[in-house]
Amino acid sequence: MSRVCIFFAPGLEEIEGLTVVDLLRRADIPVRIVSISDTLEVTGAHGIHITADACFADTDFSDTEMLVLPGGAPGTCNLNACEPLKALLKDFYDKGKYIGAICAAPMVLGHLGFLEGRKATCYPGFEKDLIGAAHVTDDAVVDGHIITSRGLGTAIEFAAALIGLLTDKATAEDIKKSVMYTKEK
């Protein structure tokens, strides 16, 4: 069982993806790294090679509660060009299941119409792609079953928001403390 599937595309922002995987696993939340390519090997935007757990075509998403999209360039464009992924996102959206996106990846959600009438955030410069959303600059924004975040520097807050939704806020706070995360107020 994988409660969460996170999609790695060539050119992803590695830290955004790996931070989510790491912190969710620390919270004992089963998470699967899914390559949208036909190979398990994914090379990120900064030349870091990552081995995914599964390829999209070989993954059963029936037991999945949340889908997550890391950003990066050209990773986000590669996610946006993946028609099977967009069909899966639409299915999850229609069922009211959780969908998270960080950095430029909220663009994918905006283009699918998922942000209409919601608060959302993204990496600066992608605001125009938050179609129909009220843009805010919070580190992580939860509006219904859609979760967005700004970028690499907000990846811990993003992961904590996901953990809080799947477990509880106390667990999310405990995970942040365990990694010595402090945020100046």
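Since the structure is predicted, the reported quantities are computational estimates derived from the model, not experimental observations. (Residues numbered from 1 in each chain as written. Predicted model: local features only at pLDDT ≥ 70, side-chain atom pairs only at ≥ 80, totals over all residues. Heavy atoms only, no water.)

Peer 1: Help me understand the sheet that holds strand 7 (residues 98-102), please; the structure alone is not making it clear to me.
Peer 2: Backbone-to-backbone hydrogen bonds pair the strands of a sheet. The strands run either parallel or antiparallel. In spatial order, the strands read 5-2-1-6-7-11-10; together these 7 strands make up an open sheet with mixed pairing. Both outer strands of the open sheet, strand 5 (54-55) and strand 10 (140-143), are each paired with one neighbouring strand and no more. Where strand 2 (residues 31-35) meets strand 5, 2 bridges bridge the pair, whose relative direction is parallel. Bridge assignment links Val 34 to a residue of strand 5, and that residue is Ala 54. Running over the sheet, helix 3 (residues 83-94) touches strand 1 (4-8), strand 6 (66-69), strand 7 and strand 11 (146-149) and is turned about 135° from strand 6. (Pairing = 2+ DSSP bridges. Helix = DSSP H or I, 4+ residues; strand = E, 2+ residues; numbered from the N terminus. Contact = heavy atoms within 4.5 Å. Axes fitted to C-alpha atoms, helices over the stretch in contact; angles between N-to-C directions.)

Peer 1: Which parts of the structure should I look at to understand helix 5 (residues 155-166)?
Peer 2: Helix length check: helix 5, at 12 residues, gives a terminal C-alpha distance of 17 Å against a target of 16 Å (1.5 Å per residue), a fit within 8%. Those residues of helix 5 not exposed but buried are Ala 155, Glu 157, Phe 158, Ala 159, Ala 160, Ala 161, Leu 162, Ile 163, Gly 164 and Leu 166. (Expected span 1.5 Å × (residues − 1). Buried < 20%, exposed > 50% of the residue type's maximum accessible area, 1.4 Å probe, protein only.)

Peer 1: In this structure, what is going on with helix 6 (residues 169-178)? I would like to understand it.
Peer 2: Spacing of three or four residues puts side chains on the same side of an α-helix, whose turn is 3.6 residues. Turning to helix 6, its buried residues are Ala 172, Ile 175 and Lys 176. Down the axis of helix 6, the buried set is contained in an arc of 100°. They therefore lie on one face. Structurally, helix 6 contributes buried residues whose contacts are with helix 1 (14-26) and helix 5. Note on helix 6: the residue one or two positions beyond its end, Met 180, has a positive phi of about 65°. (Arc of directions from axis to C-beta.)

Peer 1: Any chance you could explain the packing of aromatic side chains here in plain terms?
Peer 2: Geometrically, a pair of aromatic rings is defined through the distance of the ring centres and the angle of the planes. The final tally for this structure, using the stated rule, is 4 aromatic pairs. With centroids separated by 5.9 Å and ring planes inclined at 45°, the aromatic side chains of Phe 7 and Phe 61 adopt a geometry described as tilted. Placement of the pair is Phe 7 in strand 1 and Phe 61 in the loop between strand 5 and strand 6, with a sequence separation of 54 residues. Judged by centre distance (4.1 Å) and plane angle (0°), the ring pair of Tyr 93 and Phe 114 falls under stacked. Remark: Phe 114 occurs in the loop between helix 4 (106-111) and strand 8 (119-120) and Tyr 93 occurs in helix 3; sequence separation between them is 21 residues. Looking at Tyr 93, the relative accessible area reads 21%, which means it is partly exposed. Aromatic rings pair up to connect Phe 7, Phe 56 and Phe 61 into one cluster. Across the ring face of Phe 92, the terminal group of Lys 97 is positioned such that the distance to the ring centre comes to 4.6 Å. (Phe/Tyr/Trp six-rings, centres within 6.5 Å; stacked < 30°, edge-to-face > 60°. Lys NZ or Arg CZ within 6 Å of the ring centre and 35° of its normal.)

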